[in-house]
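Residues per chain are reported as follows:
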Amino acid sequence: MRHRRSVFPDQFEAGRHIPDEIINQILTNASWAPNHGHTEPWHFVVFTNEGLKTFANFQSELYREIAGEKFKEATYQKMKRNPLLASHVIALCMKRDPNKKHPEIEEIAAVACAVENIYLSVAAYGFGGYWTTGGVTYNEKAKSFFGLDEDDRLLGFFYTGYIAVPSPDGKRKPLEEKVVWVRD
Ligand SMILES: Cc1cc2nc3c(=O)[nH]c(=O)nc-3n(C[C@H](O)[C@H](O)[C@H](O)COP(=O)(O)O)c2cc1C
């Protein structure tokens with residue numbers, strides 16, 4: 001857990017493919033995350049091979065459509081190029097329990113637990129990866145592409161690949177800043 005690091009697309013060995021069977025193992029680990037009321041609210045859409053282009057074209061063209069005056073050519077090119085550096089891109093989705101038994105935040109929290117399982121599994125296999133909420137993550141128009149309905153949420157994308165350039169050591173604030181103990 002302490003040595004897990006985010007590894008970004010520019011650090012991947014572009015074009016090298018992780019076996020799909022390993023991705024299935026990683027997503028099986030994801031599905032063992034805790035979730036309130038056994039709703040298992042996670043839903044994953046995995047892009048690989050030519051699917052990476054399908055995803056890259058979708059997100060870059062949607063960006064072009066919605067950016068308006070804020071359109072930046074560099075951002076457009078990054079959206080078109082970055083997925084092609086990965087072995088797999090996994091869309092991280094929350095499908096809301098139809099009975100809405102628990103608050104939405106708990107369904108989002110359960111998916112975040114699943115994503116941490118992905119992060120740790122990817123690190124354990126020696127691959128690189130990271131969770132991004134960039135691109136079209138929070139645009140309502142993106143949802144249907146990933147099979148999501150109005151009450152569901154797109155929570156971002158997990159990019160993964162073989163590591164060419166490792167990440168530097170991470171850092172965290174002193175634990176005392178984050179913890180309060182009550183002993184009496
Ligand atoms: C919910 C979430 C969203 C994130 N979105 C982005 C992002 O859009 N772009 C990015 O470069 N990193 C993103 N990250 C990765 C963080 O940059 C990374 O976790 C942070 O720098 C700490 O580094 P570490 O993962 O190596 O400990 C995201 C992480 C989380 C948990």
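To be clear, the structure that these remarks concern was listed above.
Quick caveat: nothing in here was measured; it's all calculated off a predicted structure.

Rules used in this analysis
Residues numbered from 1 in each chain as written. Predicted model: local features only at pLDDT ≥ 70, side-chain atom pairs only at ≥ 80, totals over all residues. Heavy atoms only, no water. Helix = DSSP H or I, 4+ residues; strand = E, 2+ residues; numbered from the N terminus. Buried < 20%, exposed > 50% of the residue type's maximum accessible area, 1.4 Å probe, protein only. Core = buried A, V, L, I, M, F, W, Y, C linked by side-chain atoms within 4.5 Å. Contact = heavy atoms within 4.5 Å. Near = heavy atom within 4 Å. Polar contact = N/O pair within 3.5 Å; in protein donor to acceptor, adjacent residues only side chain to side chain. Areas by Shrake-Rupley, 256 points an atom, 1.4 Å probe, with all protein chains shown as cover. Nonpolar A, V, L, I, M, F, W, Y, C, P; charged D, E, K, R; others polar. Axes fitted to C-alpha atoms, helices over the stretch in contact; angles between N-to-C directions. Parallel < 35°, antiparallel > 145°, perpendicular 65-115°, else oblique. Left-handed = near helix turned anticlockwise from the far one by under 90°. Salt bridge = Lys/Arg side-chain N within 4 Å of Asp/Glu carboxyl O.

In terms of backbone geometry, most residues other than glycine have negative phi values and most peptide bonds are trans. Positive phi, normally seen in glycine, also occurs at H38, with a value near 55°. Mapping H38 onto the fold places it in the loop between α1 (20–30) and β1 (42–48). Note on H38: relative accessible area 69%, which makes it exposed. Even without being glycine, K100 reaches a positive phi, approximately 45°. One can find K100 in the loop between β2 (88–94) and α4 (104–125). Note on K100: relative accessible area 44%, which makes it partly exposed.

Looking now at the nonpolar core. Residues F44, I118 and F146 are the most contacted members of the largest nonpolar core, which totals 42 residues. Contributions of two or more residues to this core are made by α1, β1, α2 (51–67), β2, α4 and β4 (153–161). A per-element tally of this core places α4 first, with 7 residues. Excluding its chain neighbours within four sequence positions, the residues that come into contact with I118 are I26, L27, A30, F44, L92 and F158.

Right, let's get into the site of the ligand. Every residue near the ligand is listed here: R4, R5, S6, F8, Y119, Y130, W131, T132, T133, G134 and R172. Between the ligand and R4, the relevant distance is 2.9 Å, taken from an oxygen atom to a side-chain nitrogen or oxygen of the residue. The protein chains hide 56% of the 620 Å² of surface that the ligand would expose on its own. In terms of residue class, the shell around the ligand is built from 4 nonpolar, 4 polar and 3 charged.

The next subject is the packing of α1 against α4. In a packed pair of helices, the relevant descriptors are the angle between the two axes and the axis-to-axis distance. One can describe the packing of α1 onto α4 by two numbers: an axis separation of 8 Å at closest approach and a directional angle of 140°. By the criterion of interaxial angle, the relationship of α1 to α4 is oblique. Crossing geometry of α1 relative to α4 is assigned as right-handed. Two secondary-structure elements touch here, α1 through I22, Q25, I26, L27, N29 and A30 and α4 through A114, N117, I118, S121, V122 and Y125. Residue classes in the contact of α1 with α4 are distributed as 8 nonpolar, 4 polar and no charged.

What follows concerns the pattern of salt bridges. As a working rule, side chains carrying opposite charge can pair if their charged atoms are close by. By the definition in use, this model includes 10 salt bridges. When the shortest N-O distance is used, the salt bridge between E61 and R64 registers 3.2 Å. Separated by 3 residues within a single helix, E61 and R64 lie in helix α2, roughly one turn from each other. The exposure class of R64 is partly exposed, given its relative accessible area of 42%. Residue D152 pairs with K95 through a salt bridge whose shortest N-O separation is 3.9 Å. Of this pair, D152 sits in the loop between β3 (128–132) and β4 while K95 sits in the loop between β2 and α4, and the two are 57 residues apart along the sequence.

Purely geometric stuff here, so don't read any function into it on its own.
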